[in-house]
Amino acid sequence: VKSAIEFAEFVSQWLVEAHDRLGVSIDVALIPGNHTICHYLSQKPEFEEENLEYIIHAFVDLRLKDCGDIKVEPYDDVYFTTIFHENFIFAHGETKDLESLMAYFENLYDVTIDACYGAHFHSESSKAVGVGNVGSKRIIRVPSMVGTDPYAKKIQKHNRAGAYFACFDEDGECFNKIYYLS
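So, here's what we can say about the structure. Keep in mind the model is a prediction, meaning the values are calculated, not measured.

Time to look at the packing of aromatic side chains. Across all of its chains, the model carries 12 aromatic pairs by this definition. Look at Phe165 and Phe175: their rings are 6.5 Å apart centre to centre, the planes differ by 70°, and that puts the pair in the edge-to-face class. Of the two residues, Phe165 is situated in strand S8 (residues 162-169) and Phe175 in strand S9 (residues 172-180); the sequence distance between them amounts to 10 residues. The class for Phe175 is partly exposed, based on a relative accessible area of 39%. Each residue in the set Tyr79, Phe88, Phe90, Tyr117, Tyr164 and Phe168 is aromatic and connected to the rest through ring pairs, giving one cluster. Positioned above the aromatic ring of Tyr179, the side-chain terminus of Lys177 is 5.1 Å from the ring centre.

Put into structure tokens, the structure is as follows:
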């Protein structure tokens, strides 16, 4: 619980700093994943919805409630939004096949999704997978903010911790950069 609160405070301060430096409004969505599921290390999770991300979300939401230009989106297992006529979905990305995940949510919401962002695999990649509303439909793997943790070592996967930053205009994603955190 202590690390969840410390992480929430870090994220809150980082968002305020990003807002102050960039001078733009920010919408932020916090999505649950396997790193914040409550369970003992030697057991499989019994109640995956019992997730510390809910506490992190509540803490960040309370810390930023008076910051009018920073909007914390409601808590959910995925985040769907439209930016300049493009539909985006953000998910933790436990599945190896983000293209199938995108198709699942397109069917569930009856909408074309232009880009599906997911993390989970502690690495980054991007792939065009069809025609979208503005340009190519894309699946984007973003780096994990956690980086290499004990579980990643156990399955012999690792990559540098990082954050994906993107700007959008009428023509779609016009700029992106990965900021490595370690």
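So, on to the environment of His92. Inspection of the secondary structure puts His92 in the loop between strand S4 (86-91) and helix H3 (98-109). Among the residues examined, His92 registers a relative accessible area of 13% and is labelled buried. Separated by 13 residues in sequence, His92 and Tyr79 have C-alpha atoms that sit 9.8 Å apart.

The strand order across the open sheet formed by five strands is S3-S4-S5-S7-S6, and the pairing between neighbours is mixed. Bordering the open sheet on either side are strand S3 (78-83) and strand S6 (125-131), each of which pairs with just one other strand. Averaged over all neighbouring strand pairs, the angle between strand axes comes to 15°, with direction disregarded. Judged from the four bridges that link them, strand S5 (residues 115-118) and strand S7 (residues 136-141) form a sheet pairing that is parallel. Looking at the pairing, Cys116 lines up with Ile139 of S7. Those strands touched by H3 are S3, S4, S5, S6 and S7, and its axis lies near 120° from that of S7.

Counting residues in hydrophobic clusters, the biggest one holds 14 residues, and the most contacted among them are Leu15, Ile26, Ile56, Val60, Leu64, Ile70 and Val72. Elements with a contribution of two residues or more to this core: helix H1 (2-22), strand S1 (26-28), helix H2 (52-63) and strand S2 (70-72). With five residues, the single largest contributor to this core is H1. Among the nonpolar cores identified, the runner-up in size contains 11 residues, and Val78, Leu101, Met102 and Cys116 belong to it.

Scanning the model with the defined rule gives seven salt bridges in all. With a closest N to O distance of 2.6 Å, Arg21 and Glu17 form a salt bridge. Here Glu17 and Arg21 lie together in helix H1, a separation of four residues that amounts to about one turn. Judged by its relative accessible area of 68%, Arg21 is exposed.

Another aspect to go through is a nonpolar patch on the surface. A cluster of nonpolar side chains, namely Phe10, Trp14, Met145, Tyr179 and Leu181, defines an oily patch on the protein surface of about 510 Å² accessible area. Here Leu181 shows up in the segment after S9.

The next subject is the packing of H1 against H2. Interhelical geometry of H1 versus H2 gives an angle of 40° and a closest axis separation of 9 Å. Considering their axes alone, H1 and H2 lie oblique with respect to each other. The handedness of the crossing between H1 and H2 comes out as right-handed. Contact residues: Ala4, Ile5, Phe7, Ala8, Glu9, Val11, Ser12 and Leu15 in H1; Leu52, Ile56, Phe59, Val60 and Arg63 in H2. Counted by class, the contact of H1 with H2 contains 10 nonpolar, one polar and two charged residues.

The rules behind each value
Residues numbered from 1 in each chain as written. Predicted model: local features only at pLDDT ≥ 70, side-chain atom pairs only at ≥ 80, totals over all residues. Heavy atoms only, no water. Phe/Tyr/Trp six-rings, centres within 6.5 Å; stacked < 30°, edge-to-face > 60°. Helix = DSSP H or I, 4+ residues; strand = E, 2+ residues; numbered from the N terminus. Buried < 20%, exposed > 50% of the residue type's maximum accessible area, 1.4 Å probe, protein only. Lys NZ or Arg CZ within 6 Å of the ring centre and 35° of its normal. Pairing = 2+ DSSP bridges. Axes fitted to C-alpha atoms, helices over the stretch in contact; angles between N-to-C directions. Contact = heavy atoms within 4.5 Å. Core = buried A, V, L, I, M, F, W, Y, C linked by side-chain atoms within 4.5 Å. Salt bridge = Lys/Arg side-chain N within 4 Å of Asp/Glu carboxyl O. Patch = residues over 30% accessible without salt bridge, like charges linked within 9 Å, V, L, I, M, F, W, Y side chains within 5 Å. Areas by Shrake-Rupley, 256 points an atom, 1.4 Å probe, with all protein chains shown as cover. Parallel < 35°, antiparallel > 145°, perpendicular 65-115°, else oblique. Left-handed = near helix turned anticlockwise from the far one by under 90°. Nonpolar A, V, L, I, M, F, W, Y, C, P; charged D, E, K, R; others polar.

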